[in-house]
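Residue-level structural notes
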Amino acid sequence: MESIPINKAASPRLVEISAGDRHYPSRLLESRRLRAKRDRPVRLYTWEGTNLELLNAEATIAIVGSRSAPPEFLAYARQAGTYFARRGRVVVTGGARGVDLEAINGALGAGGRAIVVFPMGLESAEANRFRERFESSLEAGKLLVLSQQPPDERWRARAAMARNQLVVGLADAVLVIHTGLKYVPRETNNRQASRVAR
């Protein structure tokens, strides 16, 4: 494990976590072994001083869903975060607005713990805004923020998809709350379906 100085003096140093490190998530190594993957395990980054023990917590659940979920689904996401936190599970999510953020708020509001996986580097403006907003939870060891992207990497759609794989890889179970997809009845023909999808 190596600390990497970053450019902004006000920001904490970054810690790089590789597959040989004691804190590297055993769930990621196990899933690679089961899938007989030969590619290199992803390198992870987090802020120095945060609770690395969360990476190998005894029980985890990913709570994921749409950024634009209706209010009743957002309330459900918060309730789910609260419910699982009170039962000792670490909530894993992507940190986006909508379902992800409500699940985090529910878990932390209940005194629980959470892991957030960002699709951008931890030197990015978005990551630093998030860090400032949740500083007390980070300092208390209740929240861990990760990224597999280089520190100064900006948001890209491809990175968001890779982030989703990491969220699922860190979890024992996954709860999907509102995908944002439109329902298309089974008997709908292709032309009708394409209109619904628009």
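Refer to the structure above for everything that follows.
Thresholds, definitions, all that
- Residues numbered from 1 in each chain as written.
- Predicted model: local features only at pLDDT ≥ 70, side-chain atom pairs only at ≥ 80, totals over all residues.
- Heavy atoms only, no water.
- Helix = DSSP H or I, 4+ residues; strand = E, 2+ residues; numbered from the N terminus.
- Contact = heavy atoms within 4.5 Å.
- Phe/Tyr/Trp six-rings, centres within 6.5 Å; stacked < 30°, edge-to-face > 60°.
- Lys NZ or Arg CZ within 6 Å of the ring centre and 35° of its normal.
- Salt bridge = Lys/Arg side-chain N within 4 Å of Asp/Glu carboxyl O.
- Buried < 20%, exposed > 50% of the residue type's maximum accessible area, 1.4 Å probe, protein only.
- Patch = residues over 30% accessible without salt bridge, like charges linked within 9 Å, V, L, I, M, F, W, Y side chains within 5 Å.
- Areas by Shrake-Rupley, 256 points an atom, 1.4 Å probe, with all protein chains shown as cover.

Turning to the side chain of Ser 137, a few remarks are in order. Along the chain, Ser 137 turns up in helix α5 (residues 135–139). Setting aside chain neighbours within four positions, we find Ser 137 in contact with Leu 108, Lys 142 and Leu 143.

Our focus in this paragraph is the packing of aromatic side chains. Enumeration according to the criterion identifies 3 aromatic pairs in this entry. Taking 5.0 Å as the distance between ring centres and 90° as the angle between the ring planes, the aromatic pair formed by Tyr 83 and Phe 84 counts as edge-to-face. Taken together through their ring pairs, the aromatic side chains of Phe 118, Phe 130 and Phe 134 make up a single cluster. The aromatic ring of Tyr 83 is capped on one face by Arg 87, whose charged end is 3.7 Å from the ring centroid. The residue whose ring lies beneath Arg 131 is Trp 47, and the NZ or CZ to ring-centre distance is 5.8 Å.

What follows deals with the pattern of salt bridges. Once the charged atoms of two side chains with opposite charge are near each other, the side chains can pair. This model, assessed by the stated rule, comprises 4 salt bridges. Ionic pairing is found between Glu 53 and Arg 22, a salt bridge with its closest N-O pair at 3.8 Å. Of this pair, Glu 53 sits in the loop between β3 (44–47) and β4 (60–65) while Arg 22 is found in the loop between β2 (14–17) and α1 (26–34), placing the two residues 31 residues apart along the sequence. For Arg 27, the salt bridge identified is with Asp 172, shortest N-O distance 2.8 Å. Residue Arg 27 is found in helix α1, and its partner Asp 172 is found in the loop between α6 (157–169) and β8 (173–177); the two are separated by 145 residues along the sequence. Judged by relative accessible area, which is 44%, Asp 172 ranks as partly exposed.

By the element assignment, Gln 149 lies in the loop between β7 (143–147) and α6. With residues near it in sequence (within four places) discarded, Gln 149 still touches Tyr 45, Pro 119, Met 120, Gly 121, Arg 156 and Ala 159.

A separate point is a nonpolar patch on the surface. Judged by side-chain polarity, Val 168, Val 174 and Val 176 come together as a nonpolar surface patch covering roughly 230 Å² of accessible area. Topologically, Val 174 is positioned in strand β8.

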